[in-house]
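If you want the building blocks of each chain, they are given just below.
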Amino acid sequence: MSKILVKNKENDILLNSEPIVKYRNVTKSFGDTHVLKGINLDIHPGEKIAVIGPSGSGKTTIIRMLMTLEEPTSGDILVNGTNLWKMDKNGSQVRANEKHLRDVRGEIGMVFQHFNLFPHMTILENCMSAPVHVKKESKEEVRERSIKMLERVGLGDKLHFYPSQLSGGQKQRVAMARALVMRPKIMLFDEVTSALDPELVGEVLEVIRDIARNDEMAMVLVTHEMDFALDVADKVLFLDQGVIAEQGTASDVLEHSNNERVQSFLKRFRRV
Amino acid sequence: MNTNFRWETFLEAFPIVLKGLGMTVGLTFACFGFALIFGFLWIFLRRIPNKPLVWLVTWMMEFIRSTPPLVQLFFIYYAWPMVPGVGVTLEPFTCAVLGIGIHYSTYIGEIYRSGIDSVDKGQWEASTALNFSTADKWKKIILPQAIPPTIPMLGNYFIIMFKEVPLASTIGVGGILFMANSYGALNFAYLEPLTIVGIIFLALSYPSSILIKKLEVKVNTRFDKNAVLSKSKKKNSIQEINLEGSDHIV
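Residues numbered from 1 in each chain as written. Chains lettered and ligands numbered in written order. Predicted model: local features only at pLDDT ≥ 70, side-chain atom pairs only at ≥ 80, totals over all residues.

Student: Can you break down the overall build of chain B residue by residue, with the values?
Tutor: Summing up its helical and strand segments, chain B has 12 helices and 0 strands in all. Helices and strands appear in chain B in the N-to-C order α-α-α-α-α-α-α-α-α-α-α-α. The proportion of buried residues among the 250 residues of chain B is 27%. By sequence separation, contacts in chain B at least 24 residues apart represent 75% of the contacts at least 6 residues apart. (Helix = DSSP H or I, 4+ residues; strand = E, 2+ residues; numbered from the N terminus. Buried ≥ 20, exposed ≤ 12 C-beta atoms within 10 Å, placed from the backbone. Contact = placed C-beta atoms within 7 Å.)

Student: Please provide a residue-by-residue account of the environment of L230 of chain A, values included.
Tutor: One can find L230 of chain A in helix α8 (residues 226-232). Judged by the 19 C-beta atoms lying within 10 Å of it, L230 of chain A falls in the partly exposed class.

Student: Describe the sheet that holds strand β1 (residues 21-30) of chain A, and please don't skip the residues or the numbers.
Tutor: All names here are of chain A. Taking strand neighbours across the sheet as the criterion, the 4 strands line up as β2-β1-β4-β5 in an open arrangement whose pairing is antiparallel. Looking along the sheet, the strands with just one partner apiece sit at the ends: β2 (33-43) and β5 (82-83). Where strand β4 (residues 74-79) and β5 come together, 2 bridges link them in antiparallel fashion. Looking at the pairing, L78 lines up with N83 of β5. (Pairing = 2+ DSSP bridges.)

Student: Pulling in residues and values, what's your account of unusual backbone geometry?
Tutor: Residue and element names in this part refer to chain A. In this model, F115 sits at a positive phi of 65°, which is unusual for a non-glycine residue. Tracing the chain through its elements places F115 in the loop between β8 (108-111) and α4 (123-133). For N116, which is not glycine, the phi dihedral falls at a positive 50°. For N116, a count of 24 C-beta atoms within 10 Å translates into the label buried.

Student: An account of the interface of chain A and chain B is requested, with residue identities and associated values reported.
Tutor: If you look at the interface, chain A gives 34 residues, while chain B gives 27 residues. When residues of the side of chain A that touches chain B are traced back to their parent elements, those giving at least two are α3 (98-105), β8, α4, α6 (168-180) and α7 (198-214) of chain A. For the side of chain A that touches chain B, the element with the highest residue contribution is α7 of chain A, accounting for 6 residues.

Student: If you had to explain the pairing of strand β11 (residues 235-240) of chain A to someone new, which residues and values would you point to?
Tutor: All names here are of chain A. Of all 6 residues that make up β11, 6 are buried, and the element is covered over most of its length. Of the pairings in the sheet, the one linking strand β3 (residues 48-52) to β11 comprises 4 bridges and is parallel in character. Across the sheet, residue I52 finds its bridge partner in β11, namely F238. Bridge analysis of β11 against strand β12 (residues 243-248) gives 5 bridges, and the strand direction is antiparallel.

This is the structure in structure tokens:
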């Protein structure tokens, strides 16, 4: 853990700008299980946030609610000042309908633990489908952009392969290219290396590192890769039992935290 | 009455019975097409988030499946015209398409449902994350994955329906069974014409079932197009993948 933390030079400027996403007292329960108990969180444009914590602490639920895959039990999530899960109807706030969700989630992209590539499309078609059908962009332009993106993740020679013909690491790189082609302002990474064989983790982390250094979008990474979090994240959140138990710069949380729960988690984690 | 099988009668009856084949096959296609479309309607109605409606539709499907198609056919043909307000007299052919088509649409709806349920939840989530509209989710992502695996099952139902279509002869639709029965009544010879009916059904059903088995194999390898085109090519691509994978380890 003796790495030198490369700080984002624009960090201070970014933090002064208006947050692109705000969580306000967000809770989530599944039946009697209270997964999240009041989350308050700001995501600034371009900010790279790593979310760590024991399994079952609600890490994944935080980003799934932002991607509209899970509805909060209470509280508000604001995206560019617009309430994601609620909308105005005749002056009162009601539950958002699909149209409202579609309007607001357009700037958010997500990469999943299990890739979720479309098996009936080639990897090029996987990348092209959403910009062409959702954003109605010109096919030629999207095609060019998709090829460039697949080249960037190191799969330029496999454009016409089907997902079933690729390794796990390759599939995950396609999934990242597919999300990036949509040019999101916020990218969510849900334990993207957890389903991979250990020898394939490196190639995926390398691509994320590349995105984190060169792209301006905000990133939220739910991860178990501590060294990696220390390397790329501006901010680290430690989640425990449904609350943000500790937050700060990566080195604050991962190296200098006095929080007992953080320490016992990191200790347990490093022993493995 | 003839008790012995006579080839003269067989040869005389054959072209007459065969005249009904067009009707039998046509009716099968009409019923199947109707069931394919109506099956979608059931599934669509059951997915509308409205509890009483879902309950009603589920109950209707159960009712249709639990009563014999022949009874439904008779109801539509004989009883429907007497229902006050909505009752209309329909052509026998239309009745047959409605009766057999609706009955089997409930089974076909179940097949669609099993296909849709077999699509991984992650596919829905990925298409939400890419902001697909609900219609595009179905059209571009879910149905292209849900329907191909059901094609062999749908094919089996096609053959089953082909064998059920003679029910329509009871309300006077002129298929091969109707022709054979008419010939038998006129000439007092049932053995030969009904044997012909059996032979025609066997001659059409059996090859169809073999065709469907072949289709099943094709469908099971559908996302692995290189595997179908050339096996050696696939071997190469696997080796490539392994090399690629090791190249990218950091």
